[in-house]
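Next come the chains, spelled out residue by residue.
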Amino acid sequence: METTRRSRISQKLVNRFVPLNVKRPKNIKNDILSGLTVSLALVPEAIAFAFVAGVDPKVGLYAAFMMGLITAVLGGRPGMISGATGAVAVIFAPLVAKVIQSGQSVEDAIGYLFAAVILMGLIQVVCGLLRLGKFIRLVPHPVMLGFVNGLAIIIFKAQFSQFTVGGELLAMTPLLVMGGLIALTMAISILLPKLTKSVPATLVGIIVVSILGIVINQSNPGMVRTVLDFVQDGNAEITTIAAGLPMFQFPAVPFSLAAFKLILPYAVLAAAVGLIESLMTLTLIDELTETRGRGNKECIGQGVANIVNGFFGGMGGCAMIGQSMINIRGGGRGRLSGITAALCLLGFVLFGATYIEVIPLAALVGVMFMVVIGTFEWSSLRLANKIPLSDVLVIVIVSAVTVIADLAIAVLVGIIVSALVFAWEHGKTMHAKKTEVEGRTHYAMEGPLFFGSVTSFKNLFDFKNDCEHVVIDFDNSRVWDHSGLEALQNITERYSQNGKSLHLLNLSKECQQLLGKAGNIVELSVIEDFEWHIADDQLD
């Protein structure tokens, strides 16, 4: 309770200097303006992730449009933005490279990519129908903090590529100009909300810096790097980001078991990473907006979006925490914000490419730096001496693994470490109240019996000095795993060796069935209709 209070105070101190969570009412104007801002930030990232996957930039742009539109309509979290993401691109890049290395053409490799995206979507839909999204609630809060902090660091590191050309740092003058434009964008984002909140500050920052960048480039061509410059760094043959509407087509891939075996591992991994990143982003937005998203519905929305991607030439994707934070900070709360972002992006590709191509990278980098500031949980830095050391360790581990390895791996590592810490701590709490009544020794157990508490459980009993009849009452305890059952069998044998009888009371029906072969147990008291629930499906 005290930790929560301090965390809120710390967050208020940060918000005092940087408006991380802009409180805006849900309305059409905010959704449209915020969606427009998001669409501008989607362009370079979609192109960059397409290059990561080894495909044409329009494949990334199509993915951003389709993911954004479909998840905005069908997903379970209004205000969350989805699109082509680096997490998914990194997974599919080896698939594309492997097909090309086998001697097949780039077109064949893209066919395998689209087929894998379709299979990824089907897996995600099945996860939603099986209502697996609810298990995101089992992610401990320290894991969430570590995930958010690690993701903020990743977003920050991703901006470094904008300062280079051909892998080399910009010349001093262009670098200084870019730094000044980034600072101007951030200043507008911080200061404008203090004057007015009628328009998103990030959108104003992009417009102002774009105008300034055009003026500078007119007098000093090439001084300010633009979106088109970034595209041509990846492929000098590309002269524009303009493209037509995505067209329906079946992936050009052999309908064979060999092809299925090739794409299956990539599809499964991409589906898992996509859902974990999407559901973690959903949870974060829930906390920022103090609302509740629907995890299972989001799984289905993500899956349908990826299936459509595969049939319409997109590289697939998932939720984007950076763009989602831009949207939330800009006042986007409803589905209209995501729909607007997707449609504006399509409009840029079809009709407004010439305008988007001249936007300075500095403006978009400045916006993403603000996202980093808003994403990082600064309050976690102040909790080192206020929360258990194990929680601090989990936050650090998850943050580090997120940066070094992968988002999904980081979450899984965090959950495993948290579970081990939980098991260790609860293993030390196993104890019993011992009494002797009418020639019987009665042990009233308290605490769970599982692998972590087996040792302390066995040490509770005095096999030589207890009465002839020993009763272990599990009214305030429960046997959780096979290690607990083995411990019961062990003490049963030890009491038998000392010529004594053991009675187990208030044991669950499941444990009774598993211990049915223990002939030395003379009495079992079973709780009928004993059910345990992890989460209520009705909440999702």
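Note that this is a predicted model, so its numbers are computed, not measured. (Residues numbered from 1 in each chain as written. Predicted model: local features only at pLDDT ≥ 70, side-chain atom pairs only at ≥ 80, totals over all residues. Heavy atoms only, no water.)

Counting secondary structure elements, the chain contains 20 helices and nine strands. Going through the 540 residues of the chain one by one, you find that 52% of them count as buried. When contacts within the chain are restricted to residue pairs at least 6 apart in sequence, those whose partners lie at least 24 apart make up 81%. (Helix = DSSP H or I, 4+ residues; strand = E, 2+ residues; numbered from the N terminus. Buried < 20%, exposed > 50% of the residue type's maximum accessible area, 1.4 Å probe, protein only. Contact = heavy atoms within 4.5 Å.)

Scanning the model with the defined rule gives three salt bridges in all. A salt bridge links Arg225 to Asp233, with the nearest nitrogen and oxygen atoms 1.9 Å apart. (Salt bridge = Lys/Arg side-chain N within 4 Å of Asp/Glu carboxyl O.)

For Gln159, the position within the fold is in the loop between α6 (141-158) and β2 (164-165). Residues in contact with Gln159, not counting those within four places in the same chain, are Glu45, Val365, Met368 and Phe369.

Below, the discussion takes up the side chain of Thr85. Within the secondary structure, Thr85 sits in the loop between β1 (82-83) and α4 (86-101). Residue Thr85 is classed as buried on the basis of its relative accessible area of 4%. Leave out the neighbours within four places in its chain, and Thr85 touches Phe49, Gly316, Gly317, Cys318, Ala319 and Met320.

Averaged over every residue, the pLDDT of the chain is 83; the share at 70 or more is 89%. The secondary-structure element of the chain with the lowest mean pLDDT is strand β9 (residues 521-527), recorded at 42, while helix α11 (residues 295-311) shows the highest, at 95. Residue range residues 1-23 is modelled with pLDDT below 50. Its contacts to residues more than four positions away, or to other chains, number 36 contacts. This stretch, residues 517-539, has a pLDDT under 50; its non-local contacts, to residues over four places away or in other chains, come to 42 contacts. (pLDDT = per-residue confidence, 0-100.)

We now examine the packing of helix α10 (residues 257-289) against α11. One can describe the packing of α10 onto α11 by two numbers: an axis separation of 10 Å at closest approach and a directional angle of 135°. One element, α10, and the other, α11, form an angle in the oblique class. Between α10 and α11 lies a crossing of right-handed hand. Residues Leu275, Ser278, Leu279 and Leu282 of α10 form the contact with α11, whose own contacting residues are Gly295, Glu298, Cys299 and Gln302. Considered class by class, the residues forming the contact of α10 with α11 number four nonpolar, three polar and one charged. (Axes fitted to C-alpha atoms, helices over the stretch in contact; angles between N-to-C directions. Parallel < 35°, antiparallel > 145°, perpendicular 65-115°, else oblique. Left-handed = near helix turned anticlockwise from the far one by under 90°. Nonpolar A, V, L, I, M, F, W, Y, C, P; charged D, E, K, R; others polar.)

Here we come to the packing of aromatic side chains. Each aromatic ring pair is characterised by the separation of its centres together with the angle its planes make. Taken as a whole and judged by the stated rule, the model has twelve aromatic pairs. Geometrically, the ring pair formed by Phe156 and Phe369 is tilted, given 5.4 Å between the ring centres and 35° between the ring planes. On the criterion of sequence distance, the pair formed by Phe156 in helix α6 and Phe369 in helix α15 (residues 361-375) is long-range, its members being 213 residues apart. When its relative accessible area of 35% is taken as the criterion, Phe156 is described as partly exposed. Judged by centre distance (5.5 Å) and plane angle (20°), the ring pair of Phe248 and Phe311 falls under stacked. Taken together, the positions of Phe248 in the loop between α9 (227-234) and α10 and Phe311 in helix α11 put the pair 63 residues apart, joining distant regions of the chain. (Phe/Tyr/Trp six-rings, centres within 6.5 Å; stacked < 30°, edge-to-face > 60°.)

Glancing now at α10. Note that an α-helix has 3.6 residues per turn; residues three or four places apart therefore point the same way. Under the 1.5 Å per step criterion, the end-to-end length of α10 is 46 Å for 33 residues, consistent within 8% with the ideal 48 Å. One or two residues past the end of α10 sits Glu290, with phi positive at roughly 55°. (Expected span 1.5 Å × (residues − 1).)

Looking now at the pairing of strand β6 (residues 440-449). The two faces of the sheet receive side chains in turn, since in a regular strand these alternate between them. Strand direction decides the pairing type here: strand β5 (residues 431-437) and β6, joined by seven bridges, are antiparallel. Of the residues in β6, the one forming a bridge with Glu436 is Thr441. In this sheet, strand β7 (residues 469-479) lies alongside β6 in parallel orientation, the contact comprising nine bridges. Across the sheet, Arg440 pairs through a bridge with His469, a residue of β7. (Pairing = 2+ DSSP bridges.)

The end-to-end C-alpha distance of helix α19 (residues 482-497), which contains 16 residues, comes to 23 Å, matching closely the 22 Å that a straight helix rising 1.5 Å per residue would cover. Within α19 the residues assigned to the buried category are Gly484, Leu485, Ala487, Leu488, Ile491, Thr492 and Tyr495. Down the axis of α19, the sector holding all buried residues measures 155°, keeping them to one side. Away from its buried face by more than 90 degrees, α19 exposes His482 and Gln497. Immediately beyond the C-terminal end of α19, within one or two residues, lies Gly499, with a positive phi of roughly 70°. (Arc of directions from axis to C-beta.)

This paragraph deals with a nonpolar patch on the surface. A grouping of Val126, Leu130, Leu132, Phe135 and Leu138 is seen on the molecular surface, where their side chains present a nonpolar patch of about 440 Å² in accessible area. Tracing the backbone through its elements, the reader meets Val126 in helix α5 (residues 106-129). Assessed through its relative accessible area of 43%, Val126 is described here as partly exposed. (Patch = residues over 30% accessible without salt bridge, like charges linked within 9 Å, V, L, I, M, F, W, Y side chains within 5 Å. Areas by Shrake-Rupley, 256 points an atom, 1.4 Å probe, with all protein chains shown as cover.)

Taken N-terminus to C-terminus, the directions of helix α2 (residues 28-53) and α4 make an angle of 30°; their axes are 7 Å apart at the nearest point. Taken together, the axis directions place α2 and α4 in an arrangement best described as roughly parallel. In this structure, α2 contributes Phe49, Val52 and Ala53 to the contact, and α4 contributes Gly86, Ala89, Val90, Ala93 and Val96.

Another point: the nonpolar core. Soluble, globular proteins show a tendency: their nonpolar side chains are buried together. Val43, Phe92 and Met315 are the most contacted members of the largest nonpolar core, which totals 113 residues. The leading source of residues in this core is α10, at 13 residues. Beyond its immediate sequence surroundings of up to four residues, Phe92 is in contact with Leu113, Ala116, Val117, Met120, Tyr266, Ala267, Ala270 and Met315. If you look at the next biggest cluster of nonpolar residues, it comprises 20 residues, including Met430, Phe474, Leu488 and Tyr495. (Core = buried A, V, L, I, M, F, W, Y, C linked by side-chain atoms within 4.5 Å.)

Backbone geometry places Arg131, a non-glycine residue, at a positive phi of 60°. Locating Arg131 in the fold gives a position in the loop between α5 and α6. Even without glycine at this site, Glu438 takes up a positive phi of about 50°. Of note, Glu438 is situated in the loop between β5 and β6. Judged by its relative accessible area of 72%, Glu438 falls in the exposed class.

Right, let's get into the environment of Asp31. Among the secondary structure elements, Asp31 is positioned in helix α2. On the basis of relative accessibility, which here comes to 4%, the residue Asp31 falls in the buried class. Put simply, Asp31 and Ile339 are 308 residues apart on the chain and 9.1 Å apart in space, counted from C-alpha to C-alpha. Contact partners of Asp31, with chain neighbours within four places excluded, come to Gly331, Gly332, Arg333, Gly334, Leu336, Ser337 and Thr340.

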